[in-house]
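Summary of the model geometry
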Amino acid sequence: VPVDGSHWLSMREVLDVLRQKGHEVVVVAPEVTLHIKPSKNFVMKMYSVPYTQEEMEKDFKAFLHTSFEEGSFLERFLKVQEHMKRLGNMAASSCENLLQNKELMSYLEDSKF
């Protein structure tokens, strides 16, 4: 179950090697992601989330912009903290939706994921 962003970019290379060595690779990811996309090298199991691609991209871009803008440390810190809170809420919501997806959870249990 990958985490989007740099964690996924590093993990994808490992998954490609595992597949080349004959392993079946299953990736569980929300249907709204920044970098996690289907591939011939793994089976993709997706689940819905209560936010859109546009909302996630907007929040992530705002976080990046705030992180590098000028201003006092305290102002930037408070803005970054607010953006991190929003992104953290999205991540928690994603986890909640995964755990509430009975069909996907049954598949994972049955396959000894």
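Right, let's walk through the structure included here. Since the structure is predicted, the reported quantities are computational estimates derived from the model, not experimental observations.

This brings us to the overall build of the protein chain. When helices and strands are counted, the protein chain shows 4 helices and 2 strands. For the protein chain, the succession of helices and strands along the chain, N to C, is α-β-β-α-α-α. In the protein chain, buried positions account for 28% of the 113 residues. The contacts of the protein chain with a sequence gap of at least 6 include a subset with a gap of at least 24, amounting to 45%. Carbon and sulfur atoms form 56% of the exposed surface of the protein chain, whose accessible area is close to 8000 Å². Once the 14 positive and 17 negative side-chain charges of the protein chain are each reduced to a mean point, those two points are 4 Å apart.

With that settled, consider the pattern of salt bridges. The full count for this structure, using the stated rule, is 2 salt bridges. Note that R86 and D59 form a salt bridge whose closest N and O atoms lie 4.0 Å from each other. Of the two residues, R86 is situated in helix α3 (residues 73-100) and D59 in helix α2 (residues 53-68); the sequence distance between them amounts to 27 residues. Judged by relative accessible area, R86 falls into the partly exposed class, the value being 34%. When its relative accessible area of 14% is taken as the criterion, D59 is described as buried. Its salt-bridge partner being E69, residue K79 comes within 3.0 Å of it at the nearest N-O pair. A residue pair is termed long-range when its members are at least 10 positions apart, and K79 in helix α3 and E69 in the loop between α2 and α3 qualify at 10 residues. Exposure remark for K79: the relative accessible area of 42% places this residue in the partly exposed category.

The end-to-end C-alpha distance of α2 is 23 Å, a good match for the 22 Å that 16 residues give at a rise of 1.5 Å each. Tucked into the core, α2 has its buried residues touching α3.

Moving on to the nonpolar core. Counting 10 residues, the largest nonpolar core is built from V28, V32, Y47, V49, Y51, M56, M90, L98, L104 and L108. Broken down by secondary-structure element, the contributors of at least two residues to this core are α3 and α4 (102-110). Y47 has contacts with V28, A29, P30, E31, S94, N97, L98, N101 and L104, leaving out every residue within four places of it along the chain. If you look at the next biggest cluster of nonpolar residues, it comprises 8 residues, including V27, I36, F42 and M44.

A word on a nonpolar patch on the surface. There is a patch of nonpolar side chains on the surface, built from F73, L74, F77 and L78 and spanning about 450 Å² of accessible area. Within the element layout of this structure, L78 appears in helix α3.

The rules behind each value
Residues numbered from 1 in each chain as written. Predicted model: local features only at pLDDT ≥ 70, side-chain atom pairs only at ≥ 80, totals over all residues. Heavy atoms only, no water. Helix = DSSP H or I, 4+ residues; strand = E, 2+ residues; numbered from the N terminus. Buried < 20%, exposed > 50% of the residue type's maximum accessible area, 1.4 Å probe, protein only. Contact = heavy atoms within 4.5 Å. Areas by Shrake-Rupley, 256 points an atom, 1.4 Å probe, with all protein chains shown as cover. Lys, Arg positive; Asp, Glu negative; His and termini not counted. Charge placed at Lys NZ, Arg CZ, Asp CG, Glu CD. Salt bridge = Lys/Arg side-chain N within 4 Å of Asp/Glu carboxyl O. Expected span 1.5 Å × (residues − 1). Core = buried A, V, L, I, M, F, W, Y, C linked by side-chain atoms within 4.5 Å. Patch = residues over 30% accessible without salt bridge, like charges linked within 9 Å, V, L, I, M, F, W, Y side chains within 5 Å.

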